[in-house]
Every structure is written in C-alpha cells, then in structure tokens.
Amino acid sequence: MNKVDYLRISLIDRCNFRCQYCMPEGAELDYILRQQLLTAEELLTLIREVFIPVGFTRFRLTGGEPLLHPQVVEIVRAIASLPQTQDLAMTTNAFLLANKAQNLYDAGLRRINISLDSLDPEVFDRIVGSRGRSRWQQVWDGIQAAHRVGFDPLKLNVVVIPGVNDCEVLDLAALTLTRYWHVRFIEFMPIGNSQLFGDRGWVASAELRQRIRDAYGLVESQVRGNGPADVFQIPGAKGTLGFISQMSECFCDRCNRMRLSADGWLRPCLLNEMGQIDLKSALRAGVPTDEIRDRVTQLLTLKSDINYKQRESGTSAGTYARTMSQIGG
C-alpha cells in the first residue's frame, strides 16, 4: 500500500444541506452533542502530538459542512502554520463560502473541493433537499468567489446518480474546457443508505469515460492528485476530469488515508467500521499522548489487512452504524 500520510478530519457532523446520498430524506440522524465533539484545542493536540509524529503530513477538513464550525478559520490557520504540514485542503458545499473564501485563503488554505452535483438549479435543489428554498445560486457564487481568490486546484465533486443527474455528465465535463477547474465524478457509495437508489445507485466510471470520450475525446492527464482519482483530460482543455471508482474499480492499494470523526474516532477504512479507536475519550481520560500515538501506530500496521482482507465485510452487524455525513466522507 501507499504510505498512509493523509488524514481526513470531520470538524462537525451537522450540515445545512440534506443531500440524498449523504443524509437520506426521512432518516433520523442523531447529531453529536456539542460537548462530545472534539474541541479545536483537542484536535490540534492530536495533530501536533499524535498524527504528525507517526507520519501524517496531509490534512483535509470535512464535515458535515466544515464552514458551520465557528472556529474553522482559526483551525485552518493553526494547521497551515505547522512546519510539518505539506498539504491542507477542505471539502465544502460552498453555500457559506462566498463570504469566507478570502479569510480561509489568508489563513493558509490553498486547495478546496466543492460539491456540485448539477448545473440545473431544480435538479440541484432536489438532490440537496432545499425544502422550498433554492440553494444553487448561492453555491455557484461560492464557487466563483473561490476562483477569484485563487484556490488552486479548485475541484468540483459530482456524485453521479442514475436517472437524476447522469444526463449532465457532458455539461459538467465541459466546465474544464475553458477553466482551470478539476471536475471529479464519484460513484455513489451505499454506506448507511444502501436502499436509497435500489440495486445499483451508481454509474460505473468506465461508462462515464466512454461517454465523454465519444463526445470530446479523452486522454490520460499528466496531473496527479493526492487521492484515489484516475485523472484524464479532454484534449486542449485547461482543467482535468477525475474518476473516483470505489464501487467498480477497487483502489485499496492506493489508499493513503485515515478518517477522524468529529467526536474523535479514528477510522482506517471508509468501507469498513472495524478497527476504529476512540482518541477523544483517551485524551480526556488523561492518557499520555505518547501512548495514544502507540495505539495509532498499531492501527497503521493493521490497515492493510482491514483494507484488503476485511473490505467486503464492512460491518460486524451487517449495516453501517453511521451515514456518510457522520463519517466525514
């Protein structure tokens, strides 16, 4: 496996959207009480005294929606200022980004991923659960603000859903023709929501690549990211197209990440709930950080077995205890 040096950090489990694939309509979600969330100080202690010493140098802030965290700018500034930080990124729905983009950039954030599942406001609002209030324009304004501020790369994440937004794949791909934007098509993952779209709620990346190839042509890109995306480019385009194929094309051998939930659980594999360790409780119980570090080191040695040998088992109970929004993606 690749060296595991990339930590996805969920700052908060709450979100101002209810995207179908992340928070299914009607699902009863038990939000984490504020006192059970990692505080900013606890998070930074774990990063400085546990994660960096065992080799983590790349960090991504997620949610829920990370921009809902009241200290998000301060957290960005603190992580960006650490000399060991080689990369700091954020995944957001951009609804609150227009007014925060400059502050985040000034604090040291340079890379940002924005969820944009449709260019059609009606389809977009249906996916995100707008509840009668259109969200598309404010998200688009956030994307434009990020572009003006200078985030590079600026990535747009698209979860492709059959019969909902798969007809827009060519239009979304065309965003890369004249802009230095990177559009990433993501296969829907049935985690905590396996009944949402029936037997097959995802479109295979190979099918999407063929559609784009037939319309525009498609070549492998020289640009490579930090994650599992296979990167291509329309000939002559300024931006790139990434395909994250966790359902149709296993990429466990390229996995370089772990995930830290907003309440302090460290998860070695997105598809598998086994092997998680509770760092917050250990920290609050006064366990020395060198001992917590040893526990994380041990989990790192077990990650390859969890990724490969136990990938298909997923959970011990047969169903996931947490939805995608609660895990941090």
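Here, every reference points to the structure presented above.
The text that follows walks through the structure, step by step, so that each part is easy to find. Here the structure is a predicted model, which is why all the values come from computation and not from measurement. (Residues numbered from 1 in each chain as written. Predicted model: local features only at pLDDT ≥ 70, side-chain atom pairs only at ≥ 80, totals over all residues. Heavy atoms only, no water.)

## Some thoughts on the sheet that holds strand β7 (residues 219-220)
In step 1: Judged by pairing direction, the sheet is mixed, and its twelve strands sit side by side in the order β7-β8-β9-β6-β5-β4-β3-β2-β1-β10-β11-β12 without closing on themselves. One side of each edge strand has no neighbouring strand; the edge strands of this open sheet are β7 and β12 (277-278).
In step 2: Of the pairings in the sheet, the one linking strand β6 (residues 181-187) to strand β9 (residues 240-244) comprises five bridges and is parallel in character. Paired with H182 across the bridge in β9 is T240.
In step 3: Each of β1 (6-10), β2 (58-62), β10 (257-260) and β11 (265-267) is contacted by helix α1 (residues 40-51), which is oriented at about 165 degrees to β1, the strand it contacts most.
In step 4: Sitting on the sheet, helix α2 (residues 72-80) touches β2 and β3 (87-92), and the angle it makes with β3 is about 155 degrees. (Pairing = 2+ DSSP bridges. Helix = DSSP H or I, 4+ residues; strand = E, 2+ residues; numbered from the N terminus. Contact = heavy atoms within 4.5 Å. Axes fitted to C-alpha atoms, helices over the stretch in contact; angles between N-to-C directions.)

## Describing the nonpolar core
In step 1: If you look at the biggest cluster of nonpolar residues, it comprises 83 residues, and the most contacted ones within it are L104, F185 and L266.
In step 2: The residues touching L266, leaving out its near neighbours within four places in the chain, are L7, F51, M258, R259, L260, G275, Q276, I277, L279, V296 and L299.
In step 3: In this structure, V123, I127, I186 and I244 belong to the second largest nonpolar core, which totals twelve residues. (Core = buried A, V, L, I, M, F, W, Y, C linked by side-chain atoms within 4.5 Å. Buried < 20%, exposed > 50% of the residue type's maximum accessible area, 1.4 Å probe, protein only.)

## Here's the deal with helix α8 (residues 205-216)
In step 1: With twelve residues, α8 extends 16 Å between its outermost C-alpha atoms, agreeing within 8% with the 16 Å of an ideal straight helix rising 1.5 Å per residue.
In step 2: What α8 keeps buried is the set S205, L208, R209 and I212. Along the long axis of α8, the arc covered by the buried residues comes to 100 degrees, so they all point the same way.
In step 3: At its buried positions, α8 is contacted by β5 (154-160), α6 (169-173), β6, β8 (230-233) and β9.
In step 4: Just past α8, the residue G217 takes up positive phi, approximately 90 degrees. (Expected span 1.5 Å × (residues − 1). Arc of directions from axis to C-beta.)

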